[in-house]
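# Fold and contact review
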Amino acid sequence: MALMITDECINCDVCEPECPNNAISQGIEIYEIDPNSCTECVGHYDTPQCREVCPVDCIPLNPDFVESKEQLKGKYDLLMKKKNQAA
């Protein structure tokens with residue numbers, strides 16, 4: 001599953017730089033996670049880094065984007081392929 005940021009977000013700015021896929025960006029009112037880029041850090045880390053640093057625990061799983069670890073790894077592989085082609 002991709003992650004999401006709830007309206008409990010306090011805009012503390014700590015999650016965005018921790019995302020290895022650049023899936024987190026400032027939204028209109030709070031930070032947002034692009035579900036097409038979020039792999040829950042699969043391929044990079046053992047745990048989602050945004051969740052590790054969030055002081056208010058406002059980053060749950062996004063129920064609209066149900067994905068297995070294998071699907072997240074596949075998404076990671078595609079993102080890395082695109083990144084390498086752009087470089």
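What comes next is a walk through the structure. It should be emphasised that the depicted structure is a prediction, and the values quoted were computed from it without experimental measurement.

## A word on the overall build of the chain
- Within the chain, the regular secondary structure consists of 2 helices and 2 strands.
- For the chain, the sequential pattern of α-helices and β-strands runs β-β-α-α.
- Its C-alpha atoms give the chain a radius of gyration of 13 Å, near enough to 12 Å, the size a compact globule of 87 residues would have.
- Reported as C-alpha extents along the three principal axes, the dimensions of the chain are approximately 35 × 30 × 20 Å.

## Quick notes on the environment of Glu32
- Position of Glu32 among the secondary structure elements: in strand E2 (residues 31-33).
- A sequence separation of 17 residues divides Glu32 from Gln49, and the C-alpha atoms of the two residues are 15 Å apart.
- Apart from the residues within four sequence positions on either side, Glu32 is in contact with Ile5, Ala23, Ile24, Ser25 and Gly27.

## Some details on the pattern of salt bridges
- For the structure shown, the criterion picks out 3 salt bridges.
- In this structure, the salt-bridge partner of Glu40 is Lys69, at a minimum N-O distance of 4.0 Å. Residue Glu40 is found in the loop between E2 and helix H1 (49-53), and its partner Lys69 is found in helix H2 (residues 69-86); the two are separated by 29 residues along the sequence.
- Glu40 gets classed as buried once you look at its relative accessible area, which sits at 10%.
- Across the pair Glu67 and Lys75 runs a salt bridge whose closest N-O atoms are separated by 3.1 Å.
- Of the residues examined, Lys75 reaches a relative accessible area of 12% and is grouped as buried.

Reading guide: rules and limits
- Residues numbered from 1 in each chain as written.
- Predicted model: local features only at pLDDT ≥ 70, side-chain atom pairs only at ≥ 80, totals over all residues.
- Heavy atoms only, no water.
- Helix = DSSP H or I, 4+ residues; strand = E, 2+ residues; numbered from the N terminus.
- Rg over C-alpha atoms; globule rule 2.2 N^0.38 Å.
- Contact = heavy atoms within 4.5 Å.
- Salt bridge = Lys/Arg side-chain N within 4 Å of Asp/Glu carboxyl O.
- Buried < 20%, exposed > 50% of the residue type's maximum accessible area, 1.4 Å probe, protein only.

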